[in-house]
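In case you want the letters, here they are:
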Amino acid sequence: MTKFIFVTGGVLSSLGKGITSASIATILKQSGLRVSMLKIDPYLNVDPGTMSPLEHGEVFVTADGAETDLDIGHYERFIDATLSAQNNFTTGQVYQSVIKREREGGYLGKTIQVIPHVVDEIKNRVLNAGEGFDFLIVELGGTVGDIEGLPFMEAIRELRHDLPKTNTMNIHVTLIPYIAAAGELKTKPSQHSVQELRRIGITPHMLVCRTEQPLPKDLKRKLAMSCDVNYDAVIECGDAASIYQVPLNFIKEGILNPISNHFNIKLKPNMDKWSTLVKHIILPQHEVNIAFVGKYLDLKESYKSLTEALTHAGAHLNTKININWCDSERIEDVGAYEVIGNSDAVLVAGGFGHRGVEGKLKAIQYARENKIPYLGICLGMQLSIVEYCRNVLELEDANSVEFNADAKNPVIYLIDEFIDQSGEKQLRTHESPMGGTMRLGEYPFEPKEGTNLKKAYGNDDIYYERHRHRYEANPKYKGALEKAGMIISGESNGLIEAVEIEDHPWFVGVQFHPEFTSHLETPNPIILEFVNQATKNI
Ligand code: GLN
(Lines give C-alpha, C1' and ligand atoms only; values in the text may rest on other atoms or scores of the structure.)
Protein backbone atom coordinates (compact mmCIF):
# COMPACT_ATOMS: atom_id res chain seq x y z
CA MET A 1 0.00 0.00 0.00
CA THR A 2 1.36 3.40 -0.97
CA LYS A 3 2.35 5.80 1.78
CA PHE A 4 1.79 9.52 1.25
CA ILE A 5 3.80 12.49 2.48
CA PHE A 6 1.98 15.80 2.02
CA VAL A 7 4.15 18.90 1.97
CA THR A 8 2.46 22.24 2.67
CA GLY A 9 3.96 25.69 3.01
CA GLY A 10 3.43 28.39 5.58
CA VAL A 11 4.12 32.11 6.14
CA LEU A 12 5.24 33.00 2.62
CA SER A 13 6.12 31.56 -0.78
CA SER A 14 9.60 30.84 -2.19
CA LEU A 15 10.68 28.85 0.85
CA GLY A 16 11.91 25.98 -1.29
CA LYS A 17 9.03 23.56 -0.84
CA GLY A 18 9.91 21.92 -4.15
CA ILE A 19 13.51 21.30 -3.12
CA THR A 20 12.37 20.15 0.34
CA SER A 21 9.94 17.67 -1.22
CA ALA A 22 12.52 16.45 -3.76
CA SER A 23 15.15 16.08 -1.01
CA ILE A 24 12.88 13.94 1.16
CA ALA A 25 12.02 11.85 -1.90
CA THR A 26 15.74 11.45 -2.64
CA ILE A 27 16.45 10.15 0.87
CA LEU A 28 13.65 7.58 0.53
CA LYS A 29 14.76 6.61 -2.98
CA GLN A 30 18.38 6.16 -1.90
CA SER A 31 17.07 3.92 0.87
CA GLY A 32 15.87 1.50 -1.80
CA LEU A 33 12.19 2.49 -1.79
CA ARG A 34 10.06 3.06 -4.89
CA VAL A 35 9.24 6.75 -4.80
CA SER A 36 7.24 9.11 -6.97
CA MET A 37 6.20 12.73 -6.65
CA LEU A 38 3.22 14.92 -7.38
CA LYS A 39 2.92 18.70 -7.58
CA ILE A 40 -0.49 20.28 -7.16
CA ASP A 41 -0.84 23.83 -8.48
CA PRO A 42 -3.93 25.65 -7.21
CA TYR A 43 -4.07 28.15 -10.09
CA LEU A 44 -6.84 28.06 -12.69
CA ASN A 45 -4.69 27.66 -15.80
CA VAL A 46 -5.03 24.16 -17.18
CA ASP A 47 -1.24 23.98 -17.48
CA PRO A 48 1.61 26.48 -17.60
CA GLY A 49 2.14 25.90 -21.35
CA THR A 50 0.63 29.21 -22.37
CA MET A 51 1.83 31.23 -19.39
CA SER A 52 4.46 33.90 -19.93
CA PRO A 53 7.94 33.10 -18.64
CA LEU A 54 7.55 36.33 -16.64
CA GLU A 55 4.68 34.71 -14.75
CA HIS A 56 5.90 31.24 -14.39
CA GLY A 57 9.57 30.60 -15.08
CA GLU A 58 10.30 27.49 -17.11
CA VAL A 59 7.71 25.17 -18.57
CA PHE A 60 9.03 21.68 -17.94
CA VAL A 61 8.12 19.12 -20.62
CA THR A 62 7.63 15.50 -19.57
CA ALA A 63 8.40 12.48 -21.76
CA ASP A 64 4.69 12.06 -22.55
CA GLY A 65 4.50 15.65 -23.74
CA ALA A 66 2.82 17.40 -20.80
CA GLU A 67 3.76 21.01 -20.16
CA THR A 68 4.27 21.13 -16.41
CA ASP A 69 5.49 23.19 -13.51
CA LEU A 70 9.21 23.69 -13.14
CA ASP A 71 9.20 21.72 -9.89
CA ILE A 72 8.58 18.54 -11.90
CA GLY A 73 12.02 19.16 -13.38
CA HIS A 74 13.54 19.30 -9.89
CA TYR A 75 11.78 16.07 -8.99
CA GLU A 76 13.18 14.23 -12.02
CA ARG A 77 16.65 15.63 -11.45
CA PHE A 78 16.68 14.59 -7.77
CA ILE A 79 15.04 11.17 -7.89
CA ASP A 80 16.45 10.23 -11.30
CA ALA A 81 12.99 9.31 -12.58
CA THR A 82 10.82 9.92 -15.63
CA LEU A 83 7.54 11.50 -14.54
CA SER A 84 4.44 12.14 -16.62
CA ALA A 85 1.32 14.24 -17.03
CA GLN A 86 -0.21 12.67 -13.95
CA ASN A 87 2.56 14.01 -11.70
CA ASN A 88 1.32 17.60 -11.92
CA PHE A 89 -2.20 18.95 -11.93
CA THR A 90 -3.92 22.28 -11.48
CA THR A 91 -7.30 23.57 -10.30
CA GLY A 92 -7.99 24.18 -13.99
CA GLN A 93 -7.56 20.47 -14.79
CA VAL A 94 -9.64 19.36 -11.81
CA TYR A 95 -12.56 21.60 -12.78
CA GLN A 96 -12.20 20.65 -16.44
CA SER A 97 -12.64 16.95 -15.54
CA VAL A 98 -15.54 17.57 -13.15
CA ILE A 99 -17.40 19.81 -15.61
CA LYS A 100 -16.81 17.39 -18.49
CA ARG A 101 -18.22 14.55 -16.43
CA GLU A 102 -21.19 16.68 -15.39
CA ARG A 103 -21.93 17.54 -19.06
CA GLU A 104 -21.76 13.85 -19.93
CA GLY A 105 -24.28 13.00 -17.23
CA GLY A 106 -21.67 11.18 -15.17
CA TYR A 107 -23.09 12.46 -11.88
CA LEU A 108 -26.60 11.19 -12.63
CA GLY A 109 -28.31 14.53 -12.16
CA LYS A 110 -26.83 15.35 -8.76
CA THR A 111 -25.93 18.90 -7.68
CA ILE A 112 -22.18 19.22 -8.27
CA GLN A 113 -20.31 20.79 -5.36
CA VAL A 114 -16.75 21.47 -4.22
CA ILE A 115 -17.36 18.94 -1.46
CA PRO A 116 -17.61 16.09 -2.36
CA HIS A 117 -17.19 16.22 -6.15
CA VAL A 118 -14.19 18.49 -6.64
CA VAL A 119 -12.44 17.09 -3.58
CA ASP A 120 -13.10 13.51 -4.73
CA GLU A 121 -11.56 14.30 -8.12
CA ILE A 122 -8.46 15.63 -6.32
CA LYS A 123 -8.27 12.57 -4.08
CA ASN A 124 -8.55 10.22 -7.06
CA ARG A 125 -5.78 12.02 -8.87
CA VAL A 126 -3.53 11.77 -5.80
CA LEU A 127 -4.27 8.06 -5.33
CA ASN A 128 -3.67 7.32 -9.02
CA ALA A 129 -0.30 9.10 -8.99
CA GLY A 130 0.74 6.94 -6.04
CA GLU A 131 -0.22 3.61 -7.56
CA GLY A 132 2.65 1.12 -7.78
CA PHE A 133 4.96 3.09 -5.47
CA ASP A 134 5.99 2.70 -1.84
CA PHE A 135 5.86 6.44 -1.34
CA LEU A 136 4.26 9.41 -3.06
CA ILE A 137 5.47 12.84 -2.00
CA VAL A 138 2.73 15.38 -2.69
CA GLU A 139 3.71 19.05 -2.77
CA LEU A 140 0.85 21.52 -2.53
CA GLY A 141 1.70 24.80 -4.23
CA GLY A 142 0.90 28.09 -2.50
CA THR A 143 0.73 28.93 1.18
CA VAL A 144 -1.65 27.86 3.94
CA GLY A 145 -4.43 30.42 4.09
CA ASP A 146 -4.78 30.82 0.32
CA ILE A 147 -8.45 30.60 -0.65
CA GLU A 148 -7.67 28.64 -3.82
CA GLY A 149 -5.77 26.04 -1.81
CA LEU A 150 -8.73 25.06 0.38
CA PRO A 151 -10.19 22.19 -1.70
CA PHE A 152 -6.72 20.62 -1.81
CA MET A 153 -6.27 20.98 1.95
CA GLU A 154 -9.65 19.33 2.41
CA ALA A 155 -8.57 16.49 0.11
CA ILE A 156 -5.40 16.01 2.17
CA ARG A 157 -7.45 16.00 5.38
CA GLU A 158 -9.88 13.44 3.97
CA LEU A 159 -7.12 11.18 2.65
CA ARG A 160 -5.59 11.24 6.10
CA HIS A 161 -8.95 10.15 7.43
CA ASP A 162 -9.56 7.48 4.75
CA LEU A 163 -6.13 5.83 4.86
CA PRO A 164 -4.48 4.04 7.80
CA LYS A 165 -2.82 6.52 10.17
CA THR A 166 0.64 5.12 9.49
CA ASN A 167 0.26 5.68 5.76
CA THR A 168 0.12 9.47 5.65
CA MET A 169 2.42 12.14 6.98
CA ASN A 170 2.13 15.91 6.88
CA ILE A 171 5.21 18.06 6.62
CA HIS A 172 4.89 21.81 6.94
CA VAL A 173 7.65 24.00 5.50
CA THR A 174 7.79 27.29 7.34
CA LEU A 175 9.93 30.37 7.86
CA ILE A 176 11.68 31.37 11.08
CA PRO A 177 12.61 34.99 10.34
CA TYR A 178 15.57 36.69 11.96
CA ILE A 179 14.81 40.20 13.16
CA ALA A 180 18.14 41.98 13.08
CA ALA A 181 17.03 44.92 15.26
CA ALA A 182 15.99 42.53 18.03
CA GLY A 183 18.83 40.10 17.30
CA GLU A 184 16.30 37.26 17.49
CA LEU A 185 14.74 34.46 15.52
CA LYS A 186 10.95 34.59 15.67
CA THR A 187 8.57 31.63 15.84
CA LYS A 188 5.26 33.48 15.87
CA PRO A 189 4.57 33.43 12.10
CA SER A 190 5.10 29.65 12.12
CA GLN A 191 2.82 29.22 15.11
CA HIS A 192 0.10 31.14 13.27
CA SER A 193 0.49 29.21 10.06
CA VAL A 194 0.28 25.89 11.93
CA GLN A 195 -2.82 27.19 13.74
CA GLU A 196 -4.35 27.90 10.34
CA LEU A 197 -3.52 24.35 9.23
CA ARG A 198 -5.07 22.90 12.37
CA ARG A 199 -8.19 24.99 11.87
CA ILE A 200 -8.60 23.12 8.57
CA GLY A 201 -8.13 19.86 10.44
CA ILE A 202 -4.50 19.05 9.65
CA THR A 203 -1.89 18.78 12.39
CA PRO A 204 1.58 18.55 10.89
CA HIS A 205 3.88 15.71 11.95
CA MET A 206 7.04 17.57 11.04
CA LEU A 207 8.18 21.17 10.62
CA VAL A 208 10.92 22.05 8.15
CA CYS A 209 12.15 25.41 9.36
CA ARG A 210 13.76 27.69 6.80
CA THR A 211 16.14 29.96 8.62
CA GLU A 212 19.19 32.07 7.97
CA GLN A 213 20.52 31.48 11.49
CA PRO A 214 21.02 28.21 13.40
CA LEU A 215 17.93 27.25 15.42
CA PRO A 216 18.77 27.08 19.15
CA LYS A 217 17.44 24.07 21.08
CA ASP A 218 15.04 26.12 23.22
CA LEU A 219 13.44 27.57 20.09
CA LYS A 220 13.03 24.08 18.66
CA ARG A 221 11.39 23.04 21.91
CA LYS A 222 9.07 26.04 21.77
CA LEU A 223 8.07 25.22 18.18
CA ALA A 224 7.50 21.56 19.06
CA MET A 225 5.30 22.48 22.00
CA SER A 226 3.27 25.24 20.35
CA CYS A 227 2.80 23.38 17.04
CA ASP A 228 2.22 19.99 18.65
CA VAL A 229 4.99 18.10 16.84
CA ASN A 230 7.71 15.89 18.33
CA TYR A 231 10.92 17.68 19.23
CA ASP A 232 13.00 15.54 16.87
CA ALA A 233 10.58 16.39 14.04
CA VAL A 234 11.51 20.09 14.08
CA ILE A 235 14.08 20.12 11.29
CA GLU A 236 16.33 23.09 10.71
CA CYS A 237 16.87 24.02 7.06
CA GLY A 238 19.44 26.73 6.50
CA ASP A 239 20.52 28.08 3.12
CA ALA A 240 22.64 25.52 1.26
CA ALA A 241 25.59 26.08 -1.08
CA SER A 242 23.83 23.88 -3.66
CA ILE A 243 20.25 22.63 -3.82
CA TYR A 244 21.69 19.10 -4.07
CA GLN A 245 23.21 19.53 -0.62
CA VAL A 246 19.76 19.78 0.98
CA PRO A 247 19.13 15.99 1.31
CA LEU A 248 22.55 15.65 2.98
CA ASN A 249 21.77 18.55 5.32
CA PHE A 250 18.41 17.00 6.21
CA ILE A 251 20.11 13.75 7.15
CA LYS A 252 22.60 15.69 9.27
CA GLU A 253 19.72 17.50 10.96
CA GLY A 254 18.20 14.16 11.93
CA ILE A 255 15.28 13.80 9.50
CA LEU A 256 15.63 10.00 9.30
CA ASN A 257 14.35 9.24 12.81
CA PRO A 258 11.02 11.06 12.70
CA ILE A 259 10.24 9.60 9.25
CA SER A 260 11.25 6.04 10.21
CA ASN A 261 9.32 6.28 13.49
CA HIS A 262 6.22 7.67 11.83
CA PHE A 263 6.02 5.00 9.15
CA ASN A 264 7.65 2.27 11.20
CA ILE A 265 10.29 1.56 8.54
CA LYS A 266 14.08 1.36 8.52
CA LEU A 267 15.83 4.05 6.49
CA LYS A 268 19.44 3.59 5.44
CA PRO A 269 20.05 5.89 2.50
CA ASN A 270 23.20 5.28 0.51
CA MET A 271 24.34 8.80 -0.29
CA ASP A 272 27.97 8.01 -1.28
CA LYS A 273 27.73 8.82 -4.98
CA TRP A 274 25.45 11.77 -4.26
CA SER A 275 27.89 13.23 -1.70
CA THR A 276 30.81 12.99 -4.13
CA LEU A 277 28.83 14.84 -6.81
CA VAL A 278 27.80 17.52 -4.32
CA LYS A 279 31.43 17.90 -3.26
CA HIS A 280 32.36 18.46 -6.91
CA ILE A 281 29.69 21.16 -7.16
CA ILE A 282 30.74 22.96 -4.01
CA LEU A 283 34.52 22.50 -4.19
CA PRO A 284 35.33 21.81 -7.86
CA GLN A 285 38.89 21.37 -9.07
CA HIS A 286 38.51 23.02 -12.48
CA GLU A 287 36.64 25.96 -13.89
CA VAL A 288 35.20 26.95 -17.29
CA ASN A 289 33.46 30.02 -18.64
CA ILE A 290 30.44 29.37 -20.78
CA ALA A 291 28.68 32.12 -22.70
CA PHE A 292 24.94 31.56 -22.29
CA VAL A 293 23.22 33.56 -25.00
CA GLY A 294 19.54 34.24 -24.41
CA LYS A 295 17.00 36.98 -24.08
CA TYR A 296 15.33 36.41 -20.71
CA LEU A 297 18.48 37.03 -18.74
CA ASP A 298 16.76 38.78 -15.88
CA LEU A 299 14.54 35.69 -15.74
CA LYS A 300 17.03 32.94 -15.19
CA GLU A 301 14.25 30.72 -13.83
CA SER A 302 13.05 30.30 -17.40
CA TYR A 303 16.28 28.41 -18.20
CA LYS A 304 16.19 26.36 -14.99
CA SER A 305 16.61 22.88 -16.52
CA LEU A 306 19.48 24.05 -18.67
CA THR A 307 21.45 25.70 -15.88
CA GLU A 308 20.85 22.62 -13.72
CA ALA A 309 21.98 20.36 -16.57
CA LEU A 310 25.22 22.36 -16.77
CA THR A 311 25.65 21.89 -13.02
CA HIS A 312 25.19 18.11 -13.44
CA ALA A 313 27.82 18.02 -16.17
CA GLY A 314 30.14 20.13 -13.99
CA ALA A 315 29.61 17.76 -11.05
CA HIS A 316 30.63 14.78 -13.17
CA LEU A 317 33.68 16.61 -14.57
CA ASN A 318 34.63 18.12 -11.20
CA THR A 319 34.36 21.51 -12.86
CA LYS A 320 32.78 24.78 -11.85
CA ILE A 321 30.72 26.32 -14.61
CA ASN A 322 30.83 30.08 -14.65
CA ILE A 323 27.87 31.12 -16.73
CA ASN A 324 28.54 34.31 -18.60
CA TRP A 325 24.98 35.56 -19.15
CA CYS A 326 24.97 37.23 -22.56
CA ASP A 327 22.03 39.32 -23.62
CA SER A 328 21.49 38.65 -27.30
CA GLU A 329 20.22 42.19 -27.85
CA ARG A 330 23.47 43.57 -26.47
CA ILE A 331 25.37 41.45 -29.01
CA GLU A 332 23.28 43.15 -31.72
CA ASP A 333 24.54 46.54 -30.45
CA VAL A 334 28.19 45.92 -29.62
CA GLY A 335 29.10 42.76 -31.55
CA ALA A 336 29.87 39.21 -30.46
CA TYR A 337 33.54 39.63 -29.54
CA GLU A 338 32.79 42.27 -26.92
CA VAL A 339 30.21 40.05 -25.17
CA ILE A 340 31.38 36.45 -25.61
CA GLY A 341 35.04 36.95 -26.58
CA ASN A 342 36.54 35.52 -23.37
CA SER A 343 34.32 32.45 -23.09
CA ASP A 344 35.52 28.86 -23.41
CA ALA A 345 32.32 27.75 -25.14
CA VAL A 346 29.09 29.23 -26.46
CA LEU A 347 25.56 28.04 -25.75
CA VAL A 348 22.51 29.40 -27.55
CA ALA A 349 19.39 28.30 -25.74
CA GLY A 350 15.84 27.80 -26.97
CA GLY A 351 13.41 30.65 -27.33
CA PHE A 352 10.35 32.08 -29.03
CA GLY A 353 9.83 35.34 -30.87
CA HIS A 354 11.93 37.69 -32.91
CA ARG A 355 13.56 39.78 -30.21
CA GLY A 356 17.31 39.14 -29.91
CA VAL A 357 17.48 36.74 -32.86
CA GLU A 358 20.04 38.74 -34.87
CA GLY A 359 22.32 38.85 -31.80
CA LYS A 360 22.08 35.09 -31.46
CA LEU A 361 23.03 34.73 -35.13
CA LYS A 362 26.11 36.89 -34.53
CA ALA A 363 27.10 34.75 -31.54
CA ILE A 364 26.76 31.59 -33.65
CA GLN A 365 28.83 33.06 -36.47
CA TYR A 366 31.50 34.04 -33.96
CA ALA A 367 31.65 30.54 -32.44
CA ARG A 368 31.73 28.93 -35.88
CA GLU A 369 34.41 31.14 -37.36
CA ASN A 370 36.60 31.15 -34.26
CA LYS A 371 36.25 27.40 -33.72
CA ILE A 372 34.83 27.76 -30.22
CA PRO A 373 32.83 24.76 -28.91
CA TYR A 374 29.19 25.49 -29.62
CA LEU A 375 25.93 23.95 -28.50
CA GLY A 376 22.67 25.23 -29.98
CA ILE A 377 19.44 24.03 -28.43
CA CYS A 378 16.13 24.14 -30.33
CA LEU A 379 16.06 27.76 -31.53
CA GLY A 380 19.85 27.62 -31.11
CA MET A 381 19.98 24.82 -33.69
CA GLN A 382 17.46 26.43 -36.02
CA LEU A 383 19.52 29.63 -36.01
CA SER A 384 22.76 27.77 -36.65
CA ILE A 385 21.17 26.54 -39.88
CA VAL A 386 19.97 30.06 -40.73
CA GLU A 387 23.47 31.42 -40.03
CA TYR A 388 25.11 28.74 -42.19
CA CYS A 389 22.70 29.36 -45.03
CA ARG A 390 23.22 33.10 -44.92
CA ASN A 391 27.00 33.25 -44.48
CA VAL A 392 28.27 30.04 -46.07
CA LEU A 393 25.64 29.17 -48.67
CA GLU A 394 25.17 32.90 -49.28
CA LEU A 395 21.39 32.72 -49.18
CA GLU A 396 21.12 36.22 -47.80
CA ASP A 397 17.45 36.19 -46.92
CA ALA A 398 17.50 32.71 -45.35
CA ASN A 399 15.32 32.75 -42.27
CA SER A 400 12.87 30.90 -40.09
CA VAL A 401 9.28 31.63 -41.06
CA GLU A 402 8.78 32.39 -37.37
CA PHE A 403 10.67 35.63 -38.03
CA ASN A 404 9.86 36.27 -41.66
CA ALA A 405 6.75 34.58 -43.00
CA ASP A 406 7.65 35.59 -46.57
CA ALA A 407 11.33 34.60 -46.56
CA LYS A 408 12.41 33.47 -50.05
CA ASN A 409 14.51 30.81 -48.35
CA PRO A 410 12.41 29.45 -45.48
CA VAL A 411 15.14 27.18 -44.14
CA ILE A 412 13.18 26.72 -40.91
CA TYR A 413 9.51 26.25 -41.63
CA LEU A 414 6.20 25.39 -40.08
CA ILE A 415 4.84 21.93 -40.49
CA ASP A 416 1.42 21.14 -39.18
CA GLU A 417 1.69 17.41 -38.90
CA PHE A 418 4.44 15.29 -37.50
CA ILE A 419 4.69 11.61 -38.12
CA ASP A 420 5.50 9.44 -35.13
CA GLN A 421 7.54 6.23 -34.90
CA SER A 422 4.83 3.93 -36.17
CA GLY A 423 4.13 6.16 -39.13
CA GLU A 424 0.94 7.44 -37.50
CA LYS A 425 0.15 11.11 -37.58
CA GLN A 426 1.53 12.62 -34.45
CA LEU A 427 -0.71 12.36 -31.41
CA ARG A 428 0.94 14.62 -28.91
CA THR A 429 0.60 17.95 -30.64
CA HIS A 430 -1.80 20.48 -29.33
CA GLU A 431 -3.35 23.36 -31.22
CA SER A 432 -1.27 26.33 -30.30
CA PRO A 433 -2.96 29.67 -29.81
CA MET A 434 -0.16 31.09 -31.95
CA GLY A 435 -1.19 28.91 -34.88
CA GLY A 436 0.38 25.67 -36.01
CA THR A 437 0.97 22.75 -33.73
CA MET A 438 3.61 22.19 -31.10
CA ARG A 439 5.80 19.15 -31.22
CA LEU A 440 5.90 18.12 -27.58
CA GLY A 441 7.52 15.40 -25.53
CA GLU A 442 9.80 12.52 -26.25
CA TYR A 443 10.73 11.32 -29.75
CA PRO A 444 13.39 8.87 -30.88
CA PHE A 445 16.32 9.98 -33.01
CA GLU A 446 19.15 8.22 -34.73
CA PRO A 447 22.62 9.73 -34.59
CA LYS A 448 24.83 9.33 -37.62
CA GLU A 449 27.97 7.21 -37.28
CA GLY A 450 31.19 9.09 -36.70
CA THR A 451 29.52 12.33 -35.55
CA ASN A 452 30.06 14.19 -32.28
CA LEU A 453 26.45 13.43 -31.48
CA LYS A 454 27.03 9.69 -31.81
CA LYS A 455 30.26 9.91 -29.81
CA ALA A 456 28.45 11.71 -27.00
CA TYR A 457 25.45 9.37 -26.87
CA GLY A 458 27.43 6.15 -27.15
CA ASN A 459 26.48 2.92 -28.71
CA ASP A 460 22.73 2.46 -28.68
CA ASP A 461 20.99 2.73 -32.02
CA ILE A 462 18.10 4.92 -30.99
CA TYR A 463 17.89 7.60 -28.37
CA TYR A 464 15.02 9.61 -26.97
CA GLU A 465 14.94 13.30 -26.22
CA ARG A 466 12.14 15.76 -25.54
CA HIS A 467 10.76 18.51 -27.72
CA ARG A 468 8.85 21.76 -27.42
CA HIS A 469 8.72 23.67 -30.65
CA ARG A 470 6.56 24.58 -33.57
CA TYR A 471 9.09 24.97 -36.39
CA GLU A 472 11.42 22.47 -38.05
CA ALA A 473 14.47 22.50 -40.29
CA ASN A 474 13.28 22.42 -43.90
CA PRO A 475 14.53 19.16 -45.50
CA LYS A 476 14.56 20.88 -48.91
CA TYR A 477 17.88 22.46 -47.96
CA LYS A 478 19.48 19.26 -46.69
CA GLY A 479 21.47 18.51 -49.86
CA ALA A 480 22.83 22.04 -50.19
CA LEU A 481 23.78 22.19 -46.51
CA GLU A 482 25.62 18.88 -46.65
CA LYS A 483 27.48 19.88 -49.78
CA ALA A 484 28.65 23.04 -48.03
CA GLY A 485 30.02 21.18 -44.98
CA MET A 486 27.09 21.01 -42.59
CA ILE A 487 26.50 17.48 -41.31
CA ILE A 488 22.99 16.32 -40.55
CA SER A 489 24.07 14.28 -37.53
CA GLY A 490 20.71 13.17 -36.21
CA GLU A 491 17.33 12.39 -37.75
CA SER A 492 13.92 11.39 -36.46
CA ASN A 493 11.61 9.85 -39.03
CA GLY A 494 12.95 12.13 -41.73
CA LEU A 495 13.00 15.25 -39.55
CA ILE A 496 16.35 16.94 -39.02
CA GLU A 497 17.20 16.53 -35.33
CA ALA A 498 20.81 17.62 -35.14
CA VAL A 499 23.49 19.37 -37.18
CA GLU A 500 27.25 19.73 -36.97
CA ILE A 501 29.98 21.44 -38.97
CA GLU A 502 32.74 19.50 -40.70
CA ASP A 503 35.74 21.76 -40.19
CA HIS A 504 34.99 22.74 -36.63
CA PRO A 505 36.29 20.97 -33.50
CA TRP A 506 32.86 20.78 -31.85
CA PHE A 507 29.80 22.56 -33.19
CA VAL A 508 26.51 20.82 -32.43
CA GLY A 509 22.93 21.99 -32.83
CA VAL A 510 20.04 19.88 -31.54
CA GLN A 511 16.35 20.37 -32.25
CA PHE A 512 15.41 18.67 -28.98
CA HIS A 513 15.88 19.95 -25.43
CA PRO A 514 18.58 17.74 -23.88
CA GLU A 515 18.29 19.65 -20.59
CA PHE A 516 14.95 17.99 -19.80
CA THR A 517 16.55 14.57 -19.34
CA SER A 518 19.59 15.58 -17.31
CA HIS A 519 19.64 14.36 -13.70
CA LEU A 520 22.31 14.88 -11.05
CA GLU A 521 23.28 11.22 -11.11
CA THR A 522 22.82 10.71 -14.86
CA PRO A 523 23.83 13.87 -16.72
CA ASN A 524 22.64 14.36 -20.28
CA PRO A 525 25.29 13.02 -22.72
CA ILE A 526 25.39 15.93 -25.16
CA ILE A 527 25.53 18.59 -22.41
CA LEU A 528 28.21 16.58 -20.59
CA GLU A 529 30.28 16.42 -23.78
CA PHE A 530 29.75 20.13 -24.46
CA VAL A 531 31.15 21.03 -21.02
CA ASN A 532 33.97 18.55 -21.56
CA GLN A 533 34.84 20.31 -24.84
CA ALA A 534 34.73 23.67 -23.03
CA THR A 535 37.31 22.40 -20.51
CA LYS A 536 39.58 21.45 -23.43
CA ASN A 537 39.31 24.94 -24.84
CA ILE A 538 40.55 26.76 -21.71
N1 GLN B 1 10.63 29.18 -31.58
C2 GLN B 1 11.13 27.95 -32.08
C3 GLN B 1 10.01 27.00 -32.45
O4 GLN B 1 8.90 27.17 -32.03
C5 GLN B 1 12.07 27.30 -31.09
C6 GLN B 1 11.40 26.87 -29.84
C7 GLN B 1 12.36 26.52 -28.75
O8 GLN B 1 13.53 26.92 -28.77
N9 GLN B 1 11.89 25.83 -27.75
O10 GLN B 1 10.23 26.05 -33.17
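Under the annotation held in an unreviewed UniProt entry, the chain carries the name CTP synthase and is attributed to Malaciobacter halophilus. Recorded in UniProt under Subunit (unreviewed entry), the annotation for the chain is "Homotetramer." Of the chain, the UniProt comment under Pathway (unreviewed entry) reads exactly: "Pyrimidine metabolism; CTP biosynthesis via de novo pathway; CTP from UDP: step 2/2."

Draft legend 1. Geometry of the site of the ligand. In the vicinity of the ligand, the residues found are Gly-350, Gly-351, Phe-352, Cys-378, Leu-379, Gln-382, Glu-402, Arg-468, His-469, Arg-470, Tyr-471 and His-513. Between the ligand and Gly-351, the relevant distance is 2.9 Å, taken from an oxygen atom to a main-chain nitrogen or oxygen of the residue. A distance of 3.1 Å separates an oxygen atom of the ligand from a polar atom in the side chain of Gln-382. Contributions of two or more residues to the shell around the ligand are made by helix H16 (379-391) and strand S19 (463-469).

Draft legend 2. Geometry of the sheet that holds strand S17 (residues 410-414). The mixed open sheet is built from three strands, whose spatial order is S16-S17-S20. Whereas interior strands pair on both sides, the edge strands pair on one side only; in this sheet they are strand S16 (399-400) and strand S20 (471-473). Two elements, S17 and S20, share three bridges in a ladder whose sense is antiparallel. Paired with Ile-412 across the bridge in S20 is Ala-473. Sitting on the sheet, H16 touches S16, S17 and S20, and the angle it makes with S17 is about 150 degrees.

Draft legend 3. Broad picture of the environment of Cys-209. Looking at the secondary structure, you find Cys-209 in strand S10 (residues 206-210). For the pair Cys-209 and Arg-77, spaced 132 residues apart in sequence, the C-alpha to C-alpha distance is 23 Å.

Draft legend 4. Structural detail: the UniProt feature "active site" (unreviewed entry) in the chain. The UniProt entry lists Cys-378, His-513 and Glu-515 under the feature "active site" (unreviewed entry), expressed in the numbering used here. Annotated residues spanning 138 residues; largest pairwise C-alpha distance 10.9 Å, indicating a single compact cluster. Classification of Cys-378 as buried rests on a relative accessible area of 5%. When near neighbours in sequence (up to four residues on either side) are disregarded, Cys-378 contacts Gly-350, Arg-468, His-469, Val-510, Gln-511, Phe-512 and His-513. Structurally, the position occupied by Glu-515 is in the loop between strand S23 (507-510) and helix H19 (525-536). The class of Glu-515 is buried, set by a relative accessible area of 6%. Filtering out sequence-adjacent residues up to four positions away, Glu-515 remains in contact with Ser-305, Leu-306, Ala-309, Ile-377 and Ile-527.

Conventions and cut-offs
Residues numbered from 1 in each chain as written. Predicted model: local features only at pLDDT ≥ 70, side-chain atom pairs only at ≥ 80, totals over all residues. Heavy atoms only, no water. UniProt positions renumbered as here; feature names shortened; annotations may be inferred. Near = heavy atom within 4 Å. Polar contact = N/O pair within 3.5 Å; in protein donor to acceptor, adjacent residues only side chain to side chain. Helix = DSSP H or I, 4+ residues; strand = E, 2+ residues; numbered from the N terminus. Pairing = 2+ DSSP bridges. Contact = heavy atoms within 4.5 Å. Axes fitted to C-alpha atoms, helices over the stretch in contact; angles between N-to-C directions. Buried < 20%, exposed > 50% of the residue type's maximum accessible area, 1.4 Å probe, protein only.

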